[in-house]
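# Structural overview for review
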Amino acid sequence: MKKIVIVLLVALLSVSLFAAGGSEKKTDATKIIIFQSKVEITDALARAAQDFSDETGIRVEIWETTGDDYRAQLRLKLAGDEVPTLFSVSKGAEADMFKAYLADIGAGAVQRYIADSVALKMDGKSVGVPYSVEGFGLVVDNGLVTDADLASQRAFFNAIKSLSSKGVNPLGLSQESYFLIGHLLNTPFAIMSDPQAFRAEYELGGVRLADQKEFQAFAQMMELIRQYCVNPMEINYDRSCGDFATGKTAMIHQGNWCYGMFKDYAPSFDMSLRGVPLLGNQKVSVSVPYYWVVNSQVPAAQQEVAVKFLDWLYTSERGMSYIVDQFGFVPATSNIPTDSLDPLSADVAKAAGSGNTLPWTFNEWPMNIIDTDFAPITQKFFTTPSMSGLDFVKQLDDAYQTRLKK
């Protein structure tokens, strides 16, 4: 009888363990899953992953979604049965949101090449590897737009009118949230004499955006874009890049990441990345857009494999060639040569090296406000001719203040 009881207890214990194991996340220490949203590097990242697999025997699976949908999808992926091992976050509010999932990866070889100024640290621990340094502003066809056209706000506004009269789209935006308003709205915040101090004062309440000269200039520019440029609600990112590459558009508000989209068109003109000259500004907006992070909720063995991939990508000769030559990234780590940068990335590197840059203030705005609040208001502005630029700014202001009170 005693033997029968022991056998039954062992059987019950086995069933319990099996049931517990069935509720765990699916992981495999010989495979990593990367979840990313930069469509520009889709094919090149797949090739890099295959090279890494060939060298190490470690399988790499890549999940992707669009940038506008990334945060919402990331939450779902992290809560799923099979979860990403590597994903990306931006510094600030987004990194804080996903803090519980950010593993300490300070032991990785790449960390020694990351300066404190571009590091992602939490509680004194290194939790990220910067994708790259990126910059955005006006991507300019130098054959259609001269230095004099961008020397001042007045010259810039006049150039918009003049280019339109010649049958060229002066300035192209596109319908996606960040390319419609997120990046563009950074400029009036960033050209403040002290952006951090202004934001701190503004978020206490009592300060209105429409009363600031920077936002008044922004309102004028938005009215000119609506009047003289192709309506961005009719244009997506691919078309916007294509129209610029084929000479139909003189300027687009984009970043160095879009250069890869021009290759299929083989543009015959010189181009450059310039600041939006509101109030005479000549600086481009430069920062680290995203950080690779490792999911702290997967087993330690799988975390180690993910760090191994990052070290391969950012420190091996083969991996580093992908960063510059195929991803088109401006390296944020000190060990990667930058001799073969494309023209726009070279302008970003030059600006970063000289300090001639504006900050990315939108990383500190309320989470998801660009997608959920600013984009719909901007869509309304571009489809409502009677809405003035200042009315537009006031609605953006109201949305921001409302979010602060939630």
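Per chain, residues are indexed from 1 in the order of the written sequence. Reporting of local features is limited, given that this is a predicted model, to residues whose pLDDT is at least 70; pairs of side-chain atoms are given and counted only at 80 or more, and all residues count toward the totals for whole chains, interfaces and linings. Excluded from the side-chain calculation are hydrogens and water; included are all heavy atoms of the structure.

This paragraph deals with the overall build of the protein. For the protein, the helix and strand inventory stands at 15 helices and 13 strands. For a compact globule the rule gives 2.2 Å times the number of residues to the power 0.38, and the radius of gyration it is set against comes from C-alpha atoms. For a compact globule of 406 residues, the expected C-alpha radius of gyration is about 22 Å, and the protein comes in at 24 Å, within 12% of that figure. Judged by the C-alpha coordinates and their principal axes, the protein covers about 95 × 50 × 35 Å. A simple rule labels every residue: compare its accessible area, found with a 1.4 Å probe on the protein chains alone, to the largest value its type can have, and call it buried under 20%, exposed over 50%, or partly exposed in between. Residue burial in the protein is summarised as follows: out of 406 residues, 53% are buried. Pairs at least 24 residues apart make up 75% of the contacts formed inside the protein by residues separated by at least 6 positions. Working definition of accessibility: Shrake-Rupley area with a 1.4 Å probe, residue cover restricted to the visible protein chains. A total accessible area of about 18,200 Å² is found for the protein, and carbon and sulfur atoms account for 51% of it. If you average the places of the 36 positive and of the 47 negative side-chain charges in the protein, the two averages end up 4 Å apart. Each helix corresponds to a stretch of at least 4 residues labelled H or I by DSSP, and each strand to a stretch of at least 2 residues labelled E; elements are numbered beginning at the N terminus. Contacts are assigned to residue pairs with any non-hydrogen atoms lying within 4.5 Å of each other. Under this rule, positive means Lys or Arg and negative means Asp or Glu; His and the chain ends count for nothing. Here the site of a charge means atom NZ of a Lys, CZ of an Arg, CG of an Asp or CD of a Glu.

On to the pairing of strand S2 (residues 59-64). Pairing of strand S1 (residues 31-36) with S2 involves six bridges; the strand directions are parallel. Of the residues in S2, the one forming a bridge with Lys31 is Arg59. If you view a crossover with the strands going away from you and the path from the first strand over the helix to the second runs clockwise, you call it right-handed. Taking the sense of rotation as the criterion, the β-α-β connection linking S1, helix H2 (residues 42-56) and S2 turns out right-handed. If DSSP finds at least two bridges between two strands, the strands pair.

All right, on to unusual backbone geometry then. Residue Ala266 is not a glycine yet carries a positive backbone phi of 45°. Positionally, Ala266 belongs in the loop between helix H10 (259-262) and strand S10 (271-274). With a phi close to 70°, Asn368 is a non-glycine residue in the positive phi region. Inspection of the secondary structure puts Asn368 in the loop between strand S13 (357-358) and helix H14 (369-382). Of the residues examined, Asn368 reaches a relative accessible area of 21% and is grouped as partly exposed.

Only the stretch in contact is used when a helix axis is fitted, and all axes are lines through C-alpha atoms; the angle between N-to-C directions ranges over 0 to 180 degrees. Where helix H8 (residues 213-228) meets H14, the closest approach of the two axes is 10 Å, and the angle between their N-to-C directions is 55°. Here H8 lies oblique to H14, going by the angle between them. For the pair H8 and H14, the contacting residues are Met222, Glu223, Ile225 and Arg226 in the first and Thr378, Phe381 and Phe382 in the second. Each residue gets one label: Ala, Val, Leu, Ile, Met, Phe, Trp, Tyr, Cys and Pro are nonpolar, Asp, Glu, Lys and Arg are charged, and the others, such as Gly, are polar. Residues belonging to the contact of H8 with H14 are distributed by class as follows: four nonpolar, one polar and two charged. When describing relative orientation, an angle under 35 degrees is termed roughly parallel and one over 145 degrees roughly antiparallel, while 65 to 115 degrees is termed roughly perpendicular and anything else oblique.

In S10, alternate side chains face the same way, and those of Met271 and Leu273 on one face and Ser272 and Arg274 on the other are all buried. As paired strands, strand S7 (residues 134-141) and S10 are joined by four bridges and run antiparallel to one another. Bridging across to S10, Val139 finds its partner in Leu273.

With that out of the way, let us pick up the pattern of salt bridges. Salt bridges, as used here, are contacts in which a Lys or Arg side-chain nitrogen is within 4 Å of a carboxyl oxygen on Asp or Glu. In total, this model carries 16 salt bridges according to the counting rule given. Glu40 is the salt-bridge partner of Lys38, the closest N and O atoms lying 3.9 Å from each other. Looking at Lys38, the relative accessible area reads 7%, which means it is buried. Residue Glu40 is classed as partly exposed on the basis of its relative accessible area of 25%. Of the charged contacts, one joins Glu214 and Lys213 as a salt bridge, the two residues approaching to 3.3 Å between their closest N and O atoms. One network of salt bridges, with partners in common, ties together Lys31, Glu61 and Glu82.

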